[in-house]
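Chain by chain, the residues:
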Amino acid sequence: MANDFYQALGVAKTASADEIQRAYRKLARQHHPDVNSDPAAEERFKEISEAYQVLSDPEQRKKYDRFGADFRRVPDDFGERVYAGDAGRGGGRVRYAQADPGFAGGFEGFEGIDIEDLLGGFFRDRGSGGGPIAGADQEAELELTVEEAYRGGRRHLSVAGERGYDVDIPAGVLDGQRIRLAGQGGRASGNAAPGDLYLVVRIKPDRRYRLSGRDITVELPVSPWEAALGATVPVLTPGGEVKVRVVPGSSTGRRLRLRGEGMPNPKGEPGDLYAEVRVMVPKKLGKRERELFEELAAVSDFDPRRT
């Protein structure tokens with residue numbers, strides 16, 4: 001069997017059915033033993049045909065994408081038995097590793113069943129008749145707050161309440177980024193290598209911070225007089241408090257850029273932080289405040305509806 005069916009056909013894992021078919025036809029014409037006298041052509045043609053047979057079948061392709069080289073050892077109803085049988089425990093999939101509120105004591109256990117044990121036992125029970133079977137790669141989602149993603153650091157992670165790992169979270173990790181734990185995935189049989197565990201970062205929505213790549217936007221509340229006269233005011237960022245200069249005449253929606261104060265980047269320039277001005281008016285005015293506002297209204301010819 002080819003080591004990788006996608007590589008055998010020279011297509012990406014995201015290739016469409018038409019792309020897979022075109023690649024197969026091209027390679028089949030090139031390596032068919034009737035037109036290619038090379039001794040290696042016949043073996044190559046078998047690899048191409050096997051790859052096409054699997055990838056052209058949607059169900060077989062789905063199993064291959066999930067289990068890799070082990071897919072033929074997995075019965076068609078395996079997924080249904082695993083997932084449906086444990087639906088009462090919050091779903092049958094390793095899904096989340098969650099940080100505790102202080103992000104100092106490590107992570108809660110992954111929700112759901114221990115896929116590693118299920119797969120490991122399955123292949124141990126059925127793999128005795130063949131050679132060593134490499135462990136399958138596994139994936140789980142890791143939820144972080146914006147501050148946790150900004151700081152990164154070494155944290156302890158427990159899986160299914162049993163197995164623990166020390167994980168290095170890069171400072172400035174982004175949503176969707178994967179952290180690889182080599183050799184911590186599915187168990188293997190014999191002397192084969194275990195699979196890898198990939199933690200897919202999911203950054204929780206935050207009422208204070210909006211992320212766009214490595215740039216961060218935060219609201220900056222200011223008073224009417226600070227907006228009109230200008231002022232230096234504090235703004236809270238994931239990395240701590242910094243000072244920003246509000247330009248005189250700033251209205252709500254004006255964005256003040258703080259270069260390099262966004263998400264860190266271990267491999268390049270950090271993102272920027274944008275403080276978005278929001279002019280706040282007092283809900284209740286004291287007697288003197290009302291007098292001053294009334295005096296301002298009487299002497300000012302400013303009309304915001306005509307600007």
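The present account deals with the structure reproduced in this document. (Residues numbered from 1 in each chain as written. Predicted model: local features only at pLDDT ≥ 70, side-chain atom pairs only at ≥ 80, totals over all residues. Heavy atoms only, no water.)

**Topic: the overall build of the protein**
To keep things clear, this is the line we draw: A helix here means a DSSP run of H or I that spans at least four residues, while a strand means a run of E at least two residues long, and both kinds are numbered starting from the N terminus. Burial classification: accessible surface area is computed with a 1.4 Å probe over protein chains only, and a residue below 20% of its type maximum counts as buried, one above 50% as exposed, and the rest as partly exposed. The contact rule is simple, with two residues in contact once any of their heavy atoms fall within 4.5 Å. Working definition of accessibility: Shrake-Rupley area with a 1.4 Å probe, residue cover restricted to the visible protein chains.
Counting its regular elements, the protein contains 9 helices and 12 strands. Considering the protein as a whole, with its 307 residues, one finds that 38% of them fall into the buried category. Residue pairs at least 24 apart in sequence account for 54% of intrachain contacts in the protein once pairs closer than 6 positions are excluded. Entry remark: accessible area of the protein is about 18,400 Å², with carbon and sulfur atoms responsible for 47%.

**Focus: the pattern of salt bridges**
Inclusion rule: Salt bridges are defined as contacts in which a side-chain nitrogen from Lys or Arg sits within 4 Å of a carboxyl oxygen from Asp or Glu.
All told, the structure shown has 16 salt bridges when counted by the stated rule. Measuring nitrogen to oxygen at the nearest pair gives 3.9 Å for the salt bridge that ties K62 to E59. Within this pair, K62 and its partner E59 are both found in helix α4 (residues 58-67), separated by 3 residues, close to a single helical turn. Its relative accessible area of 54% is what places K62 among the exposed residues. A salt bridge links R210 to E276, with the nearest nitrogen and oxygen atoms 3.4 Å apart. Note that R210 is positioned in strand β7 (residues 209-212) and E276 in strand β12 (residues 273-279), a separation of 66 residues in sequence.

**What to know about a nonpolar patch on the surface**
Going by this rule: Exposure above 30% relative accessible area and the absence of a salt bridge qualify a residue for a patch, where like charges join within 9 Å and nonpolar side chains (Val, Leu, Ile, Met, Phe, Trp, Tyr) within 5 Å.
On the surface, W225, L229, L285, F293, L296 and V299 cluster together into a nonpolar patch covering about 610 Å² of accessible area. When contributions to the nonpolar patch are tallied by element, the ones reaching two or more residues are α8 (224-229) and α9 (287-299). With respect to the helices, strands and loops of the structure, W225 is situated in helix α8. The exposure class of W225 is partly exposed, given its relative accessible area of 45%.

**Quick word on the nonpolar core**
What counts is decided by this rule: Grouping buried Ala, Val, Leu, Ile, Met, Phe, Trp, Tyr and Cys residues that are joined through side-chain atoms within 4.5 Å yields what is termed a nonpolar core. Those domain boundaries reflect an automatic or database domain assignment.
One finds V167, L199 and L220 to be the most contacted residues of the largest nonpolar core, which totals 35 residues. Taken domain by domain, the makeup of this core includes at least three residues from each of domain 2 (138-203) and domain 3 (209-299). Ranked by size, the runner-up nonpolar core spans 20 residues in total, among them F5, A23, F67 and F71.

**Points about the pairing of strand β8 (residues 215-222)**
We count it as follows: Two strands qualify as a pair provided DSSP detects at least 2 bridges between them.
Pairing geometry for β7 and β8, over 4 bridges, is antiparallel. Counterpart to S212 in the pairing with β8 is D215. Hairpin connection of β7 to β8: 2 residues between the antiparallel strands, including G213 at a positive phi of 65°. Bridge count for β8 against β12 is 7 bridges, and the pairing is parallel.

**Structural notes on the sheet that holds β7**
Hydrogen bonds along the backbone pair up the strands of a sheet, which may run parallel or antiparallel. This is how it is decided: Axis definition: a line fitted to C-alpha atoms, limited for helices to the stretch in contact. Angles are taken between N-to-C directions and run from 0 to 180 degrees.
In space, the 4 strands of this open sheet follow the order β7-β8-β12-β11, with mixed pairing throughout. If you trace the sheet from one side to the other, it starts and ends with β7 and β11 (255-258), each paired once. Averaged over all pairs of adjacent strands, the angle between strand axes in this sheet comes to 30°, irrespective of strand direction. Sheet topology places β11 next to β12; 4 bridges connect them, and they run antiparallel. Residue pairing in the sheet places R257 in a bridge with Y274 of β12.

**A look at helix α2 (residues 17-31)**
As a reminder, the rule being used: The span expected for a helix works out to 1.5 Å for each residue beyond the first. By construction, the arc corresponds to the directions joining the helix axis to the C-beta atoms.
Taking 1.5 Å per residue, 15 residues should reach 21 Å; α2 reaches 21 Å between its end C-alpha atoms and fits that length. Of all the residues in α2, the buried ones are I20, A23, Y24, L27, A28 and H31. Burial along α2 is one-sided: seen end-on, the buried residues are contained in an arc of 130°. Those residues of α2 that are exposed and aimed more than 90 degrees away from the buried face are R22, K26 and R29. In this fold, the buried residues of α2 make contact with α1 (5-9), α3 (41-55) and α4.

**Quick notes on α4**
The set of residues buried in α4 consists of R61, K63, Y64 and F67. The buried residues of α4 occupy an angular sector of 165° when projected down its axis, which confines them to one face. What points out from α4, more than 90 degrees from its buried face, is the exposed set P58 and K62. Note on α4: the residue one or two positions beyond its end, G68, has a positive phi of about 65°.

**Focus on the packing of α2 against α3**
Note the following rule: Any angle between 65 and 115 degrees counts as roughly perpendicular, while under 35 counts as roughly parallel, over 145 as roughly antiparallel, and the rest as oblique. Here is the rule for handedness: rotate from the far helix to the near one, and if that takes an anticlockwise turn smaller than a right angle the crossing is left-handed, while a clockwise turn gives right-handed. For this classification, the nonpolar set comprises Ala, Val, Leu, Ile, Met, Phe, Trp, Tyr, Cys and Pro, the charged set comprises Asp, Glu, Lys and Arg, and every other residue, Gly included, is treated as polar.
Where α2 meets α3, the axes come as close as 9 Å, and the angle between the chain directions of the two elements is 165°. Compared by their axis directions, α2 and α3 come out roughly antiparallel. The crossing of α2 and α3 is left-handed. Contacts between α2 and α3 involve I20, Q21, Y24, L27, A28 and H31 from the first element and A41, R44, F45, I48, S49, Y52 and L55 from the second. Split into classes, the residues belonging to the contact of α2 with α3 amount to 9 nonpolar, 3 polar and 1 charged.

**So, the packing of aromatic side chains**
Operational definition: Classification of ring pairs uses Phe, Tyr and Trp, with its six-membered ring standing for Trp, and accepts pairs whose centres are within 6.5 Å; under 30 degrees between planes counts as stacked, over 60 as edge-to-face, and the remaining range as tilted. For a lysine, the NZ atom is tested; for an arginine, the CZ atom; a charge sits over a ring if that atom is within 6 Å of the ring centre and within 35 degrees of the ring normal.
Tallied over the full model, the rule gives 3 aromatic pairs. Their ring planes at 40° and their centres at 6.0 Å tell us that Y6 and Y64 sit as a pair that is tilted. Pair noted here: Y6 is in helix α1 and Y64 is in helix α4, with a separation of 58 residues, a long-range link. The two residues Y6 and Y64 agree in class, both being buried. Ring pairing ties together the aromatic residues F5, Y6 and Y64, which thus form one cluster. We note R178 situated over the ring of Y198; from NZ or CZ to the ring centre the distance is 4.0 Å. Sitting above the plane of the Y274 ring, R255 keeps its charged end 4.3 Å from the centroid.

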